[in-house]
Amino acid sequence: MKKTFRGGTHPPEFKLTSGVATTPLPVPELIYVPIQQHIGAPGVPVVKKKDEVTVGQPLTQSGGFVSIPAHAPVSGVVKDVIPYANPVGKEMMTVVIETKDDGGDGKGEEDPNWADATPDVIRERVKNAGIAGMGGAAFPTHVKLSPPEAKPIDTVIINGAECEPYLTSDHRLMLERAEDIVRGAMLVRKTVNAKKLFMAVEDNKPDAFESLKKAAASLDSSIQVEMLPVKYPQGAEKQLISALTGREVPPPPALPMDVGCVVQNVGSCVAIYEAVRWQKPLIERYVTITGSGVKKPTNVLAKIGTPLTYLIEAAGGYTDDAAKLIMGGPMMGNALWTDTVPVIKGTSGVLVLNKEQAIIGEEEPCIGCGRCVSVCPVFLLPTNIARLSELERLEDADELGVLECIECGSCTYICPAHRNLVQHIRFGKAAVMAAKRKATTKKEKAA
Amino acid sequence: MSPFAPDEEKQNDAPDERPESDAPETSADSDDEKARRKEERKAAREAAKAKAAAEAAAEKGKEPAPAADAGASSDEEDEKARKKAERKAAREAAKAAAAAEAAEEKGEEPAPAADAGASSDEEDEKARRKAERKAAREAAKAAAAAEAGGDDKPAESDDEKARRKAERKAAREAAKAAAADAGGDDKPAETDEEKEKRRAERKAAREAAKAAAAEGGDAKPEKKERKERPAKAAKDDKPAKKEKDTAAVPSRKFILSSSPHIHDKESVRRIMWTVTATLVPATIGATWVFGFRALMLVALGASAAMLTEWGLQKLFKAKSTVADGSAFLTGLLVSFNLPPGVPWWIPVIGAFFAIAIAKMPFGGLGWNPMNPALIGRAFLLASWPLHMTKDWLPAFWWKMQGYNFFTWNVNPAAIKLDGVSYATPLEVRKSAISTLTNPEGLPNDVITRAMEVLHSTGDKILDLVIGVTGGCIGETSAILLLIGGVYLLYKGYIDWRTPFAFIATVGLGGWLFGGADGFFSGDMLFHIFAGGLILGAVYMATDMVTTPITKKGRLIFGIGCGLITLMIRLIGGYPEGVSYAILLMNLTTPLIDRYTKPRRFGHIKVATAEARG
């Protein structure tokens, strides 16, 4: 039997760009590097206006343990540090660099003994390189590589599932840089002192599977490359762990390390490898530009901080009926109001949908078909939670596990009544968390 | 760097990009700065409006003159006068600015016309900015005072920003003044010459801007084509500059919504009409067995239901939902549950009640607690029990003498078979059982007959499966209903758990308790295929709205339906109990859902110890 997880759905794949080789994007004139591109504390800017920066130079210093620095993706002059539009939503302090020259790829001197680097050295270099999970959530990688002693890790999983429709950046990476992925993965395994190393690919990418398998065989035969049946959200950390090991990560705040697993995206592996070998910071990444709203969908290697306009340009520009701009995939990506926002570390793709696709049906009442229940990969009752959230019956929603929703969007995708379940649930989640925080503060005050 | 005449452009072509041009080169922190930016944005909006107006006018071919200010008066002549004044004022302002600049600036370092911010020399930058501000103030004053006059000589300022700002201000003030002067003695006629000149100016301005942009840094070719930048991006002057080239292209408006951004093709409407379509074979079968009359009753029920829903929504001024198909389906099912010999108004009243009482008052589709079609049937059964329990017709009655396929008027009581008023198999069985339970005083042949009935039902199973038997219109043909059910299963519109649990419970229970000779003597197949079990289990107990949403819950629901059906069939007063069983279980749905919540992901007690093994 094929390994998989329970629940989930299978949206049409639309992998338009699987066969398009990645091309480096020319360096833009102005680069916008937000001080926070990861989950955790924002970085603290260490450059000011008019400073000369060279490629790879840190622009911020990390603002805590769960925080990472950002680096200059190009050489140039800091034009300003201003609040600027950000793909996450709000404006954010952003270092604007006027490019002088692209300054190369930011690699430092090669460490000839990189393969023998100790875990501490690896962690240090990964942190200094500002690596955050590149699958989209952008959790600082060095944190994942620093499990407490009480939580031994036995399994490392390299995530090449890329279950989001349309996106192909990981697919291309697996084809073009398979060996680097495997090297990075082996460094991860060494750092967390795990025995098993899985690499997971969905079976709609047989070429990527073969490519990884070949690379793995040539470097370390103990690596298990697994082909998983296509299903969304296979690439979600918890679902991937469940599919490969049968273990279920307990509800938040538990992390994969609680069940002895560390999951790393394939892109992160390449970044880790380069950080350890050349101390190269994370200043560029693979990005897919795709969808019915661009003329020539493609994959590019873009510098972090490149405004999306350049990427759209690289994809032949908008079609006349382009109507929706999304950073990320169609299931979990953020709709953007402007294409001036920059590429950040978690930007796996830019999706533009045309008018026809961008319109989603009007919300109708739930007819109780139960489809959302059967697709929910964390086994919730989405329709009930959504309804309770709408009614602001927060305690009831909390009791049904509103905080455990991973917002994968499967329920909303499948709902025949077009209910915006995830949206309601997000609202409920935020409200429940706010209420809990309030309660905690009250308690603290009382004590 | 660019000694063109960029100020000309100001008056004529692109008032809309001016305000956006200077924001980023200034420090982000000062309050001053913020206020200024805000001011600029406002100006930008106004300018954009004015520009749009000017373009519209130009398109009509009447008035290609550019509007520099949005606060335009509607009077055309005034407008012209005002515009002229504005242009002059702007020129004047520019000149003044240049002069001021020249006085304070070293002038060694000409900033690019289109991008002052590109300068990297910090001290110069500061001095320059200071000068700019001062110049701007002076220019504004001068412009306001000047109001008209001044020559056309292009100012050779290398300081865009100050000039632009001054121009804006001056232009506004001048416009006001002009408007006040409204009599307008200097009514300028738009000569061709003038138009030509303006066109040339515009072109020059565009070229200047391009050249400046190219000089501003190592300009990448692709940058030239960046387009359609939303106005708010104005924080950065470069993108704003770019907008200049394509100022006529409106900003692209992107749709914003919460993820996910794609959707399955499924919809409520599609589900309802598909379910309806799967009932077509059963309808055709019923028509064949019970004649054209059956088809008419079905049509009456369906149309009455749709009409009721439409009428109520009309009455209460609500959005019509008739098209979603659920009313049609309800009406269809009401008729399916009627004996084929009922008068025409029975399905009409039943469908009306189903929609008007059991569905719409709760909020329409999705909110009704119980299956509307079954409520309609229950209402009919309680109100017209004779019609509902006696109007049976035997299969193929229309082939009998005196009738034909299209016969409408039929008296069910008059149709006799074997001297017994024909009923449903379940009814025959029920009366046989009651005969045997209380045999005292009954003639022997009646008792014998009852014994025969109870022991011979097995022979008729094939008839039951095909549907060549008495019963409600839509319930008789098990095979046609099952074909539809299989398709619904394939489409995922129904969950196998409910019908399976329902049918299995009735079958097993019938076998266990339903026989005349003690336990395990019942006829399992008879209990499954007689009566409305298949119709109920496949089409009514799977109604999405009124049944549980959890998988476990659906199993429980099915079993519950089966048990109640059995109790009514074997112990209760009615021969058939499917519809009441489903109705009663509908009421337990919320409770079942509450107690069958799935185990949530990660809520495992022996989480990892085993798995790690």
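About the criteria used
Residues numbered from 1 in each chain as written. Chains lettered and ligands numbered in written order. Predicted model: local features only at pLDDT ≥ 70, side-chain atom pairs only at ≥ 80, totals over all residues. Heavy atoms only, no water. Helix = DSSP H or I, 4+ residues; strand = E, 2+ residues; numbered from the N terminus. Buried < 20%, exposed > 50% of the residue type's maximum accessible area, 1.4 Å probe, protein only. Areas by Shrake-Rupley, 256 points an atom, 1.4 Å probe, with all protein chains shown as cover. Contact = heavy atoms within 4.5 Å. Phe/Tyr/Trp six-rings, centres within 6.5 Å; stacked < 30°, edge-to-face > 60°. Lys NZ or Arg CZ within 6 Å of the ring centre and 35° of its normal. 1 Å grid on protein atoms, 1.4 Å probe; cavity = no way out; pocket = protein on both sides within 12 Å on 5 of 7 lines; lining within 4 Å. Points joined across faces, edges and corners; volume = space filled by probe spheres on them. Nonpolar A, V, L, I, M, F, W, Y, C, P; charged D, E, K, R; others polar. Pairing = 2+ DSSP bridges. Axes fitted to C-alpha atoms, helices over the stretch in contact; angles between N-to-C directions. Disulfide = S-S within 2.5 Å. Core = buried A, V, L, I, M, F, W, Y, C linked by side-chain atoms within 4.5 Å. Salt bridge = Lys/Arg side-chain N within 4 Å of Asp/Glu carboxyl O. Expected span 1.5 Å × (residues − 1). Patch = residues over 30% accessible without salt bridge, like charges linked within 9 Å, V, L, I, M, F, W, Y side chains within 5 Å. pLDDT = per-residue confidence, 0-100. Parallel < 35°, antiparallel > 145°, perpendicular 65-115°, else oblique. Domains from an automatic or database assignment.

Colleague: Can you explain the overall build of chain B? Please cite residues and give values.
Modeller: Within chain B, the secondary structure is distributed over 24 helices and 2 strands. Relative to its full complement of 613 residues, chain B shows a buried share of 52%. Summed over all atoms, the accessible surface of chain B reaches about 28,100 Å², with 60% contributed by carbon and sulfur.

Colleague: Outline the overall build of chain A, listing residues and values.
Modeller: Within chain A one finds 14 helices and 16 strands. Across chain A, the fraction of contacts at a sequence separation of at least 24, relative to all contacts at a separation of at least 6, is 73%. Of the roughly 16,000 Å² of accessible surface on chain A, 55% is carried by carbon and sulfur atoms.

Colleague: Describe the packing of aromatic side chains, and please don't skip the residues or the numbers.
Modeller: Ring pairs (aromatic) are described by centroid distance and by the angle formed between their planes. Across all of its chains, the model carries 22 aromatic pairs over all chains by this definition. An angle of 0° between the planes, with centres 3.8 Å apart, marks the rings of Phe 353 of chain B and Phe 379 of chain B as stacked. Residue Phe 353 of chain B is located in helix α12 (residues 345-356), and its partner Phe 379 of chain B is located in helix α13 (residues 372-383); the two are separated by 26 residues in the primary sequence. Look at Phe 353 of chain B and you get buried, because its relative accessible area is 19%. Look at Phe 379 of chain B and you get partly exposed, because its relative accessible area is 25%. Here the aromatic rings of Phe 396 of chain B and Trp 398 of chain B are separated by 6.3 Å at their centres, their planes lie at 65°, and the arrangement is edge-to-face. Note on Trp 398 of chain B: relative accessible area 14%, which makes it buried. These aromatic residues form a ring-pair network of at least three members: Trp 288, Phe 292, Phe 396, Trp 398, Phe 405 and Phe 406 of chain B. Residue placement shows Arg 6 of chain A over the ring face of Phe 379 of chain A; its charged tip is 4.0 Å from the ring centre.

Colleague: Describe the layout of surface pockets, naming the residues involved and giving the relevant values.
Modeller: The space that makes up the second largest pocket amounts to roughly 900 Å³. When residues of the lining of the second largest pocket are traced back to their parent elements, those giving at least two are α11 (382-390) and α12 (394-399) of chain A together with α23 (578-595) of chain B. Looking at which element gives the most residues to the lining of the second largest pocket, the answer is α23 of chain B, with 7 residues. Broken down by class, the residue content of the lining of the second largest pocket amounts to 14 nonpolar, 9 polar and 7 charged.

Colleague: Explain the pairing of strand β12 (residues 284-290) of chain A residue by residue, including any values.
Modeller: The side chains of a regular strand alternate, first on one face of the sheet and then on the other. Residues and elements named next belong to chain A. Counting buried residues along β12, 7 of its 7 residues qualify, which places the element largely inside the surrounding structure. As paired elements, β12 and strand β13 (residues 298-303) share 6 bridges and run antiparallel to each other. Looking across to β13, one finds that Arg 285 is bridged to Ala 302. Across 3 bridges, the pairing between β12 and strand β16 (residues 349-354) is parallel. For Ile 289, the partnering residue across the bridge sits in β16 and is Val 350.

Colleague: Quick one: what's the story with the sheet that holds strand β11 (residues 261-265) of chain A, residue by residue and with numbers?
Modeller: Residues and elements named next belong to chain A. Read from one edge to the other, the open sheet built from 4 strands follows the order β10-β9-β8-β11, with strand pairing classed as parallel. Each edge of the open sheet carries a strand with a single partner, namely β10 (224-228) and β11. Ignoring strand direction, the axes of neighbouring strands in this sheet form an average angle of 25°. Bridge count between strand β9 (residues 196-202) and β10: 5 bridges; the pairing is parallel. For Phe 198, the partnering residue across the bridge sits in β10 and is Gln 224. Those strands touched by helix α5 (residues 206-219) are β9 and β10, and its axis lies near 170° from that of β10. Relative to the sheet, helix α6 (residues 237-245) contacts β8 (155-160), β9, β10 and β11, its axis offset from that of β8 by approximately 115°.

Colleague: Lay out the state of the cysteines with the relevant residues and their values.
Modeller: Residues and elements named next belong to chain A. Under the criterion given, the structure shown has 0 disulfides over all chains. As a non-bridged cysteine, Cys 163 has Cys 408 as the owner of its nearest cysteine sulfur, 8.8 Å distant. Cys 415 takes part in no disulfide bond, and the closest cysteine sulfur to it belongs to Cys 369, at a distance of 6.3 Å. Using a relative accessible area of 11% as the deciding quantity, one classes Cys 415 as buried.

Colleague: Go over the sheet that holds strand β4 (residues 52-53) of chain A, please, and point to the residues and values.
Modeller: All names here are of chain A. In spatial order, the strands read β2-β7-β6-β4; together these 4 strands make up an open sheet with antiparallel pairing. Two strands lie at the open edges of the sheet, namely β2 (30-34) and β4, each paired on one side alone. Sheet analysis places β2 next to strand β7 (residues 92-101), joined by 5 bridges and oriented antiparallel. Looking at the pairing, Pro 34 lines up with Thr 94 of β7.

Colleague: Describe the pairing of β11 of chain A, naming the residues involved and giving the relevant values.
Modeller: Residue and element names in this part refer to chain A. Of all 5 residues in β11, 5 are buried; the element is thus mostly enclosed. Side chains of β11 alternate between two faces, with Cys 261, Val 263 and Asn 265 and Val 262 and Gln 264 buried alike. Taken together, the 5 bridges between β8 and β11 define a ladder with parallel strand orientation. Within β11, the position partnered with Ile 158 by the bridge is Gln 264.

Colleague: Give a description of the nonpolar core that names residues and reports values.
Modeller: Residues Phe 502 and Tyr 539 of chain B are the most contacted members of the largest nonpolar core, which totals 100 residues. No other element matches the 7 residues that helix α21 (residues 533-540) of chain B contributes to this core. Apart from residues no more than four positions distant in its own chain, Tyr 539 of chain B is found in contact with Val 275, Thr 278, Leu 279, Leu 333, Leu 481, Gly 484, Gly 485, Leu 488 and Ile 534 of chain B. If you look at the next biggest cluster of nonpolar residues, it comprises 44 residues, including Ile 122, Ala 129, Met 174 and Ala 185 of chain A.

Colleague: I'd like a description of the pattern of salt bridges, backed by residues and values.
Modeller: For the coordinates displayed, the defined rule picks out 33 salt bridges over all chains. With its nearest N and O atoms 2.9 Å apart, the salt bridge here joins Asp 495 of chain B to Arg 497 of chain B. Take Asp 495 of chain B and Arg 497 of chain B: they sit in the same class, and that class is buried. By sharing partners, the salt bridges in this structure join Arg 177, Glu 179, Asp 180, Arg 183, Glu 274, Lys 280, Glu 284 and Lys 303 of chain A into a single network.

Colleague: Give me helix α4 (residues 178-192) of chain A: which residues, what numbers.
Modeller: Residue and element names in this part refer to chain A. With 15 residues, α4 ought to run about 21 Å at 1.5 Å a step, and its terminal C-alpha atoms sit 21 Å apart, in line with that. Within the sequence span of α4, burial applies to Ala 178, Asp 180, Ile 181, Val 182, Gly 184, Ala 185, Leu 187, Val 188, Arg 189, Thr 191 and Val 192. At the exit of α4 stands Asn 193, carrying a positive phi of roughly 60°.

Colleague: For the environment of Phe 502 of chain B, give the residues involved together with the corresponding values.
Modeller: All names here are of chain B. Here Phe 502 is to be found in helix α19 (residues 497-513). Each C-alpha atom, one on Phe 502 and one on Gly 560, is 7.5 Å from the other, the two residues being 58 residues apart in sequence. Setting aside anything within four residues of it in sequence, one finds Phe 502 in contact with Leu 533, Gly 536, Ala 537, Ala 541, Gly 558, Ile 559, Cys 561, Gly 562, Thr 565, Val 578 and Ile 582.

Colleague: Account for a nonpolar patch on the surface, naming residues and giving values.
Modeller: A surface patch of nonpolar side chains, about 570 Å² in accessible area, is lined by Leu 508, Trp 511, Phe 513, Phe 519 and Phe 520 of chain B. By relative accessible area, which is 48% here, Phe 513 of chain B ends up partly exposed.

Colleague: Kindly report on the confidence of the model for chain B, identifying the contributing residues and their values.
Modeller: Residues and elements named next belong to chain B. Across chain B, the average pLDDT comes to 73, with 56% of residues at 70 or higher. Low confidence marks residues 178-190, where pLDDT is under 50. Its contacts with residues over four positions away, or in another chain, come to 15 contacts. Confidence drops under pLDDT 50 across residues 213-250; counting only partners more than four residues distant or on other chains, this segment forms 97 contacts.

Colleague: Could you give an account of the packing of helix α15 (residues 425-437) of chain B against helix α22 (residues 551-570) of chain B, with specific residues and numbers?
Modeller: All names here are of chain B. Across the interface, α15 lies against α22 with an axial gap of 10 Å and an inter-helix angle of 55°. Between α15 and α22, the angle falls in the class oblique. Contacts between α15 and α22 involve Leu 426, Arg 429 and Lys 430 from the former and Ile 568, Arg 569 and Leu 570 from the latter. Of the residues that constitute the contact of α15 with α22, the class distribution is 3 nonpolar, no polar and 3 charged.

Colleague: Please set out empty space enclosed by the protein residue by residue, giving values where relevant.
Modeller: Residue and element names in this part refer to chain B. What the rule picks out here adds up to 18 cavities of 30 Å³ or more. Estimated volume of the largest cavity: approximately 300 Å³. Along its surface, the largest cavity is lined by 22 residues, and Met 272, Leu 329, Tyr 539, Asp 543 and Met 544 are the ones closest to its centre. Contributions of two or more residues to the lining of the largest cavity are made by α8 (268-278), α11 (326-336), α13 and α21. Here the element with the most residues in the lining of the largest cavity is α11; it accounts for 4 residues. For the lining of the largest cavity, the class distribution of residues is 15 nonpolar, 5 polar and 2 charged. Of the domains in this structure, domain 2 (286-408) and domain 3 (461-596) are the two that each give at least three residues to the lining of the largest cavity. Empty space within the second largest cavity amounts to approximately 180 Å³.

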